[in-house]
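Residue-level structure breakdown
Listed below are the residues making up each chain.
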Amino acid sequence: QMSVSQPQSGRGAPCLRCRGTCSGFEPHSWRKICKSCKCSQEDHSLSSDVEDDRKIGSLLSDSKYATLTARVKGGDGVRIYKRNRMIITNPIVSRKDPTFDTITYEWAPPGLTQKLAMQYMELIPKEMQPVAGTDGACYRRRQLMRQLPLYDQDPSQCRGLAEGELKLMEDFVKKYKAEALGVGEVALPGQGGAGKEEGKPQDKSIAAGKPPESTNGALERAPAAGHHRCETCKQAVPGDCPVVYADRAGYSRQWHPACFVCCRCAEPLVDLIYFWKSGAAWCGRHYCESLRPRCAGCDEIIFSEDYQQAEGMAWHKKHFACLECETLLTGKPFALDNASLLCTTCSKSKRL
């Protein structure tokens, strides 16, 4: 069991994009943006470790990856992500007493020896390595917000749900947890899942010893040694370099760590959390959008069959409104400015 403090609200955090011109985050009533500067929540770096771990814990609970979570002490069954941190301590030898240089990775693949985990990290671009206090750690946190928005999994966080749509969303989330959600596994080529040698460290949460079934019902087998290729770049995979496996894809497929990306946005899949569909891995955001439209106003998935469409985008009817003055624009002329709706008056004012 794990005990956690109450999550921070993050309200008032400065905007990273505005570089000092925004006085602090001022939440809009229903848009996922700052009322003051119009930038997104992720640009204000609003999440905390506690909030992130609660969100991922909730996502993985009630799925076959629930063992990557732990029950919160006194939390009425709430589960929190057992995020694997890695601390590396290197001695610094000087003329006087030796000191130590400590590096903390805010996330690392679970179930690995430190040597293999470090090999994995070295295969990730340096600017994306989640070392505490660096741009890489900020990048990871932003990706958690971008790829796995809380309102894609928790109906209580949605402002766009109409009466009768709560059950639709609950069923939507339950279905993707059962059929698409996955967490990548890191291992040496040929050692993913059932192919791993006994006694080697591995992530016990992913049913080792039980290869998944392919679409035709045949068991997937890892390729013979020397024949491993990355699914994304198609280049050969050295036998001594770690790769990523996705159990929903079968253990005959593997990816270079830097190649395990969303098939839609090509961004690395944060904490190796993926959604499997049509023979490819997706981030949570784009997987959900592949099934249902997303409102360009509030950024939530639309569960109504009656919604507004324009220029290849979709809106809840109540959110088809001017970004500046909030005037509803259904049946009225409007302009699109960088995917933002503006009434003709505000559009003209912006050009002046």
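As a reminder, the structure under discussion sits directly above these lines.
This write-up is about the structure you can find in this document. (Residues numbered from 1 in each chain as written. Predicted model: local features only at pLDDT ≥ 70, side-chain atom pairs only at ≥ 80, totals over all residues. Heavy atoms only, no water.)

1. Overview of the overall build of the protein
To keep it simple, the criterion reads: Runs of H or I in DSSP of at least four residues are treated as helices and runs of E of at least two as strands, each being numbered from the N terminus. The classification of residues rests on relative accessible area computed with a 1.4 Å probe and restricted to protein chains. Under 20% of the type maximum is buried, over 50% is exposed, and intermediate values are partly exposed. Residue contacts are counted whenever heavy atoms from the two residues lie within 4.5 Å of one another. Each accessible area is a Shrake-Rupley result for a 1.4 Å probe, and residues are judged covered by the shown protein chains and nothing else.
Check the secondary structure of the protein and you find 6 helices and 13 strands. Across the 352 residues in the protein, those meeting the buried criterion constitute 47%. When contacts within the protein are restricted to residue pairs at least 6 apart in sequence, long-range pairs at least 24 apart make up 51% of them. Total accessible area computed for the protein in this model is approximately 18,600 Å², and 49% of it derives from carbon and sulfur atoms.

2. Some thoughts on the packing of aromatic side chains
Note the threshold: Within 6.5 Å between ring centres, the rings of Phe, Tyr and Trp (the latter by its six-membered ring) count as paired, and their orientation is classed by plane angle as stacked under 30 degrees, edge-to-face over 60, tilted in between. When the NZ atom of lysine or the CZ atom of arginine is within 6 Å of a ring's centre and also within 35 degrees of its normal, the charge is said to sit over that ring.
This structure, assessed with the given rule, holds 12 aromatic pairs. Relative to Tyr-251, the ring of Tyr-245 lies with its centre 5.5 Å away and its plane at 45 degrees, an arrangement referred to as tilted. By relative accessible area, Tyr-251 is classed as buried at 4%. Through a chain of ring-to-ring contacts, three or more aromatic side chains come together here, namely Phe-172, Tyr-176, Phe-275, Tyr-287 and Phe-303. Directly above the aromatic system of Tyr-151 lies the positively charged group of Lys-32, at a separation of 4.6 Å from the ring centroid. Taking NZ or CZ as reference, Lys-277 lies 5.4 Å from the ring centre of Trp-282, over its face.

3. A word on the side chain of Gln-254
Note the following rule: Nitrogen and oxygen atoms within 3.5 Å of one another constitute a polar contact, given that in protein one can donate a hydrogen and the other can accept it, and given that sequence-neighbouring residues count only through two side-chain atoms.
Relative to the elements of secondary structure, Gln-254 occurs in the loop between strand S7 (243–245) and strand S8 (273–277). There is a polar contact of 3.5 Å between the side chain of Gln-254 and the side chain of His-228.

4. Here's the deal with the pattern of salt bridges
Rule in force here: Counted as salt bridges are all cases of a side-chain nitrogen of Lys or Arg within 4 Å of a carboxyl oxygen of Asp or Glu.
Summed over all chains, the structure comprises 20 salt bridges. As a salt-bridge pair, Glu-324 and Lys-38 come within 3.9 Å of each other at their nearest N and O atoms. Of this pair, Glu-324 sits in the loop between strand S11 (313–315) and strand S12 (334–337) while Lys-38 sits in the segment before helix H1 (49–60), and the two are 286 residues apart along the sequence. For Glu-324, a relative accessible area of 41% corresponds to the partly exposed category. Residue Asp-337 pairs with Lys-350 through a salt bridge whose shortest N-O separation is 2.7 Å. Within this pair, whereas Asp-337 is found in strand S12, its partner Lys-350 is found in helix H6 (residues 344–351), the two being separated by 13 residues in sequence. When its relative accessible area of 28% is taken as the criterion, Asp-337 is described as partly exposed. Through salt bridges with shared partners, a single network forms among Asp-49, Asp-52, Asp-53, Arg-83, Arg-85 and Arg-141.

5. Remarks on the sheet that holds strand S9 (residues 280–282)
The strands making up a sheet associate through hydrogen bonds between their backbones, and the pairing can be parallel or antiparallel. Here is the rule: A pair of strands is treated as paired once DSSP finds two or more bridges between them. A fitted line through C-alpha atoms serves as each axis, taken over the contacting stretch for helices, and the angle formed by two N-to-C directions is quoted from 0 to 180°.
The strand order across the open sheet built from 3 strands is S5-S8-S9, with neighbouring strands paired in antiparallel fashion. Unpaired on one side and paired on the other, strand S5 (181–183) and S9 mark the two borders of the sheet. If you compare each strand with its neighbour and ignore which way they point, the axes differ by 45 degrees on average. For S8 and S9, the ladder comprises 3 bridges, and the chain directions are antiparallel.

6. Quick look at the environment of Arg-264
Its location among the elements puts Arg-264 in the loop between S7 and S8. Sequence-distant contacts of Arg-264, that is, excluding residues within four places in its chain, are made with Trp-282 and His-286.

7. Some thoughts on the nonpolar core
Put simply, the test is: Here, nonpolar core means buried Ala, Val, Leu, Ile, Met, Phe, Trp, Tyr and Cys residues that are tied together by side-chain atoms lying within 4.5 Å of each other.
Of all hydrophobic cores here, the largest spans 60 residues; its most connected members are Phe-260 and Phe-275. With 5 residues, helix H2 (residues 114–122) is the largest single contributor of residues to this core. When neighbours within four sequence positions are excluded, Phe-275 is seen to be in contact with Leu-148, Tyr-176, Ala-180, Leu-181, Ala-280, Ala-281, Trp-282, Cys-283, Gly-284 and Tyr-287. In this structure, Ala-314, Cys-322, Leu-329 and Cys-346 belong to the second largest nonpolar core, which totals 16 residues.

8. Comments concerning the environment of Leu-161
Residue placement: Leu-161 occurs in the loop between helix H3 (135–147) and helix H4 (166–179). It is 8.9 Å that separates the C-alpha atoms of Leu-161 and Ile-301, two residues lying 140 residues apart in sequence. Discounting chain neighbours no more than four positions away, the residues touching Leu-161 are Pro-155, Leu-166, Met-169, Glu-300 and Phe-303.

9. A closer look at helix H5 (residues 284–291)
Every buried residue of H5 is accounted for by Gly-284, Arg-285, His-286, Tyr-287 and Cys-288. Against H3, H4, S8 and S9 lie the buried residues of H5.

10. Considering unusual backbone geometry
Positive phi outside glycine occurs at Ala-266, with the angle close to 65 degrees. When you line up the elements, Ala-266 lands in the loop between S7 and S8. Residue Ala-266 is classed as exposed on the basis of its relative accessible area of 51%. In this structure, Ser-278 is a non-glycine residue whose phi angle is positive, near 55 degrees. Along the polypeptide, Ser-278 turns up in the loop between S8 and S9.

11. Notes on the pairing of S12
Examined bridge by bridge, S12 and strand S13 (residues 340–343) share 4 bridges and lie antiparallel to one another. Looking at the pairing, Phe-334 lines up with Cys-343 of S13. Here S12 folds back onto S13 in antiparallel fashion, the turn holding 2 residues, of which Asn-338 has a positive phi close to 50 degrees.

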